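Topology and contacts: notes
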Amino acid sequence: MKRIDRFANPNKFMKLAKAITPWAAWSTVGFLAAGLYLGLFDSPADYQQGETVRMMYVHVPSAWMAMFCYVGVAVSSAVGLIWKHPLADLAAKATSPVGAAFCFLALLTGSLWGKPMWGTWWVWDARLTSMLILLFLYLGHMALLNAFDDQTRAMRAASILALVGVINIPIIKWSVDWWNTLHQPASVVKMDGPAIHPDMLWPLLLMAIGFTTFYIWVALLRIRQEIIANKIRAIRLRQVNG
Amino acid sequence: MTNFSGHNLTCLRGERLVFKGLDFSIEAGDALVLIGPNGSGKSSLLRMLAGLLKPYGGDMTWDSESVGEEPEQHRGRLHYVGHHDCVKAVLTVEENLTFWARMHDKNVDAEAKVASALDTLSISHLADVPGRFLSAGQKRRANLARIMAADAPLWLLDEPITALDKESITKLERTMADHRQNGGMIVLSTHSEITLENPKILDLADFAIGFGEGFYDDDEEDLVF
Amino acid sequence: MNSFLFMVRRDLRLALRQSSDNVMVVMFFVLCAVLFPFGVGPELGILERISAGVIWVGALLASMLSLERLFQTDYEDGSLELMALTPAPLEILVLAKVAAHWLTTGLPLILASPLLAVLLNMDSDGYGVLLLALLLGTPTLSLIGAVGAALILGARRGGVLISLLVLPLYVPVLIFGVSAVDAAIGGFEYKAQLFILGGLLMGTLPLAPWGAAAALRQSLE
């Protein structure tokens, strides 16, 4: 039999989150500063792509984070559905817009990179196309979360959608790759190029860590804000019910 | 003797705790009447007994077997009448009822059972009428005929006499008495008078939660950083 | 199994008595494709090149639009609650509803597709494969759409919402469906694409009813 310990839970979490948030914030600043310095000033330009290759230091980590966040949403959703843990629901709700933002950033940088490389703002490159579909999955998830007056129902529906989505992502990715090889002329330069110079690895790694801590920071802020919003709702309910 | 009981049931709707620590126990032939003010969880309890709503805490047993472990078996032994009458506009009353009778028990002689159920509530003349021509009261009677058209020991009735006239209420009362005579059980919620022979009463106000209790209990908190 | 058949029969009966609804879906499908010559110009070469894609996208949209109401009426009149309370597993009933829905809308779409193929000047080598691919692909669309239809129950503006939820998931079916037809027209091997469409169907067949039933139960809580 379940105990009602869940009611005490958010407060413990609030304390922990409050302790972690400044650490996440400062490490974000540190890692991003170091990563950007190395990336922009202290790494070689690509012999083929020239200076535009520096776009990669933002593009690649955003794309990673976009995928990582979706998995995060799906895992939190599964935990929320199976153990009915409210914090897991809140984590899924907090993660999805952040993931969508990363996804959008990856698409934007991809497009900016594409202009000098391909001579056009958008090419139906396999990676960009998959990212675009991922963005739609995020938007669907967020839309569903906001489509119900009943919060619990919204969370449950969005959780099921996230699980359906995560099963489908590999299939979509694979079919887009397949479609792309069918239609793409082989001469186009691929975004990541054949090999990465070791001097490019360090800034890339630092940026990736910085993006991750940034995500942790924002997610914690958003979860705390959700909890507070829920408290306000509880107070309102009390008002209504006297 | 068949026994259906719940122990320490807790109901959570959205973020609101509706009732807590609710116990009940009924046996073959019993009728349990749920009373309580609006929002005290009468409908929620009925939906919980039907299995539509999972109890947040506590458990229910049927002859000391847990209901949650055999949900399909439990659904086979109950009939539920909710706020909607589920009469399809383009199907005749008979088609509507035969479908539900068969879905409930595929071996039932649906035609005969439906005919006799319609007769009991005196709506035989509506058998061939499509649902869209029915009045609210006729729809309600058709819905009540549905639960007579396939046998199930447990009837869960949420405000069953809404939209019914006096005469129909009397017929329903007689049917419920017959059902109990044959070893059936009835749980029903009502705002108005229904005559039942020595019913058990469950007042949900006894298990209500002060609205002070909830998820996010206080502790001053501010959002810095 | 019996419950499955009862459910299919009841939904077929409901659909036949309101058959204008299904005719409308087919009309939408045809109209959708007829708009393209106005959009891209009537040159036969261009129409021929895009015919498979246009027919598939039309089928996708038509299927999605009609699925929006798959559970809606049963949800509104309380029948869905009773379905969830019958002894049969809800997954089987979802499958039955999808089957009935496919028979009344998916199948007419497939039957109408040769007409569109003619209007769009598709090479006649593609006809057979187009039918086969639609036959394998549209049930997958219905199954995925059922999950979306279950998720939007009780939402504000469900109709727009379902497109956002379901269309991204339709992409693989679209890719392989169009590619099978294009391969057949180009004289290439198209079996692989059909196998993949079949595989997608086999994968969706158990998973989608499970997901849809879970979503339905949530909507009833």
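All values derive from a computational prediction rather than experimental measurement.

Right, let's get into the overall build of chain A. A tally of regular secondary structure across chain A gives six helices and zero strands. In chain A, the succession of helices and strands from N to C terminus is α-α-α-α-α-α. Relative to its 242 residues, chain A shows a buried fraction of 49%. When contacts within chain A are restricted to residue pairs at least 6 apart in sequence, long-range pairs at least 24 apart make up 80% of them. For chain A, the exposed area adds up to about 11600 Å²; of that, 71% sits on carbon and sulfur atoms.

The final tally for this structure, using the stated rule, is zero disulfides over all chains. In this model A:Cys103 remains outside any disulfide bridge; the closest cysteine sulfur is found in A:Cys69, 9.7 Å from its own.

Before going further, it helps to examine the sheet that holds strand E5 (residues 65–66) of chain B. All names here are of chain B. The strand order across the open sheet built from four strands is E2-E1-E4-E5, with neighbouring strands paired in antiparallel fashion. Among the strands making up the open sheet, the edge pair consists of strand E2 (16–27) and E5. Pairing of strand E4 (residues 57–62) with E5, which is carried by two bridges, proceeds in the antiparallel orientation. Bridge pairing in E5 places Thr-61 opposite Ser-66. Against the sheet, helix H1 (residues 42–50) makes contact with strand E1 (3–13), E2 and E4, and its axis sits at roughly 125° relative to E1, the strand it touches most.

Taking 1.5 Å per residue, 13 residues should reach 18 Å; helix H5 (residues 136–148) of chain B reaches 19 Å between its end C-alpha atoms and fits that length. Counting buried residues in H5(B) gives eleven out of 13 residues, a clear majority hidden from the surface. On its buried side, H5(B) packs onto strand E6 (78–81), helix H3 (93–104), helix H4 (110–120), strand E7 (154–158) and helix H6 (166–181) of chain B together with helix H5 (79–84) of chain C.

A separate point is a nonpolar patch on the surface. Residues and elements named next belong to chain C. On the surface, a nonpolar cluster with roughly 730 Å² of combined accessible area is contributed by Val-34, Leu-35, Phe-36, Phe-38, Val-40, Ile-46, Leu-115 and Leu-119. Of all the elements in the fold, those that place two or more residues in the nonpolar patch are helix H2 (19–40) and helix H6 (90–119). In terms of residues, the nonpolar patch owes the most to one element, H2, which gives five residues. For Phe-36, the location among the structural elements is in helix H2. Residue Phe-36 is classed as partly exposed on the basis of its relative accessible area of 32%.

Summarising the element assignment, C:Arg10 is placed in helix H1 (residues 2–17). In this view, C:Arg10 contacts B:Lys88, B:Leu91, B:Phe99, B:Trp100, C:Asp74, C:Ser79, C:Met83 and C:Lys97; residues no more than four positions away in its chain are not counted.

Another aspect to go through is the interface of chain B and chain C. Taken together, the contacts link 27 residues of chain B with 29 residues of chain C. Here chain B meets chain C over a buried area of about 2700 Å², counting both sides, of which 62% is carbon and sulfur. On the chain B side of the interface with chain C, the three residues burying the most area are B:Arg75, B:Lys88 and B:Met103, jointly 25% of the side's total. Seen at the junction of chain B and chain C, the total is five salt bridges. In this structure, B:Arg47 and C:Glu81 form a salt bridge, with 2.6 Å as the shortest nitrogen-oxygen distance. At the boundary of chain B with chain C, the tally comes to twelve residue pairs in polar contact (both at pLDDT 80 or more). Broken down by secondary-structure element, the contributors of at least two residues to the side of chain B that touches chain C are H1, helix H2 (71–76), E6 and H3 of chain B. Top element by residues in the side of chain B that touches chain C is H3(B). It accounts for six residues. Class assignment of the residues belonging to the side of chain B that touches chain C gives a composition of twelve nonpolar, four polar and eleven charged.

Together, B:Asp63, B:Glu65, B:Glu69, B:Glu70 and B:Glu72 give the surface a local cluster of negative charge. Take B:Glu69: it is sitting in the loop between E5 and H2.

Moving on, we get to helix H3 (residues 86–118) of chain A. Residue and element names in this part refer to chain A. For H3, with 33 residues, the first-to-last C-alpha span of 47 Å sits near the 48 Å given by 1.5 Å per residue. The element H3 is extensively covered by neighbouring structure, given that 24 of its 33 residues are classed as buried. Positive backbone phi, approximately 75°, marks Gly-119, located one or two places after H3.

So, on to the nonpolar core. Grouped together as the largest cluster of nonpolar side chains are 158 residues, with contacts concentrated most on B:Phe4, B:Phe19 and C:Phe71. A total of 14 residues in this core trace back to one element, the largest contributor, which is helix H8 (residues 158–186) of chain C. With 35 residues, the next largest nonpolar core counts B:Val33, B:Val81, B:Ala149 and B:Ala150 among its residues.

Before going further, it helps to examine the sheet that holds strand E8 (residues 185–189) of chain B. Two modes of strand pairing occur in sheets, parallel and antiparallel, and in both the strands are linked by backbone hydrogen bonds. Residue and element names in this part refer to chain B. Spatial ordering of the open sheet is given by E6-E7-E8-E3-E9, a layout of five strands whose pairing is parallel. Looking along the sheet, the strands with just one partner apiece sit at the ends: E6 and strand E9 (200–203). Within this sheet the neighbouring strands show an average axis-to-axis angle of 15°, counted without direction. With four bridges connecting them, strand E3 (residues 31–35) and E9 associate as parallel partners. Residue pairing for E9: Leu-34 is matched across the bridge by Leu-202. Strands in contact with H1 are E3, E6, E7, E8 and E9; relative to E7, the strand with the most contacts, it is inclined by about 155°.

Once that is clear, we can look at the pairing of E7(B). Moving residue by residue along a regular strand, the side chains alternate between the two faces of the sheet. Residue and element names in this part refer to chain B. A large share of E7 lies buried, amounting to five of its five residues. Of the two faces of E7, both are covered, the one formed by Leu-154, Leu-156 and Asp-158 as well as the one formed by Trp-155 and Leu-157. Of the strand pairs in this sheet, E7 and E8 are connected by five bridges, and their pairing is parallel. Along E8, the bridge assignment pairs Trp-155 with Ile-186. Read from E7 through H6 to E8, the crossover connection turns out right-handed.

Cut-offs and rules
- Residues numbered from 1 in each chain as written.
- Chains lettered and ligands numbered in written order.
- Predicted model: local features only at pLDDT ≥ 70, side-chain atom pairs only at ≥ 80, totals over all residues.
- Heavy atoms only, no water.
- Helix = DSSP H or I, 4+ residues; strand = E, 2+ residues; numbered from the N terminus.
- Buried < 20%, exposed > 50% of the residue type's maximum accessible area, 1.4 Å probe, protein only.
- Contact = heavy atoms within 4.5 Å.
- Areas by Shrake-Rupley, 256 points an atom, 1.4 Å probe, with all protein chains shown as cover.
- Disulfide = S-S within 2.5 Å.
- Pairing = 2+ DSSP bridges.
- Axes fitted to C-alpha atoms, helices over the stretch in contact; angles between N-to-C directions.
- Expected span 1.5 Å × (residues − 1).
- Patch = residues over 30% accessible without salt bridge, like charges linked within 9 Å, V, L, I, M, F, W, Y side chains within 5 Å.
- Salt bridge = Lys/Arg side-chain N within 4 Å of Asp/Glu carboxyl O.
- Buried area = accessible area lost by both parts, 1.4 Å probe.
- Polar contact = N/O pair within 3.5 Å; in protein donor to acceptor, adjacent residues only side chain to side chain.
- Nonpolar A, V, L, I, M, F, W, Y, C, P; charged D, E, K, R; others polar.
- Lys, Arg positive; Asp, Glu negative; His and termini not counted.
- Charge placed at Lys NZ, Arg CZ, Asp CG, Glu CD.
- Core = buried A, V, L, I, M, F, W, Y, C linked by side-chain atoms within 4.5 Å.
- Right-handed = clockwise from strand over helix to strand, strands pointing away.

So yeah, pure geometry; function would need other evidence.
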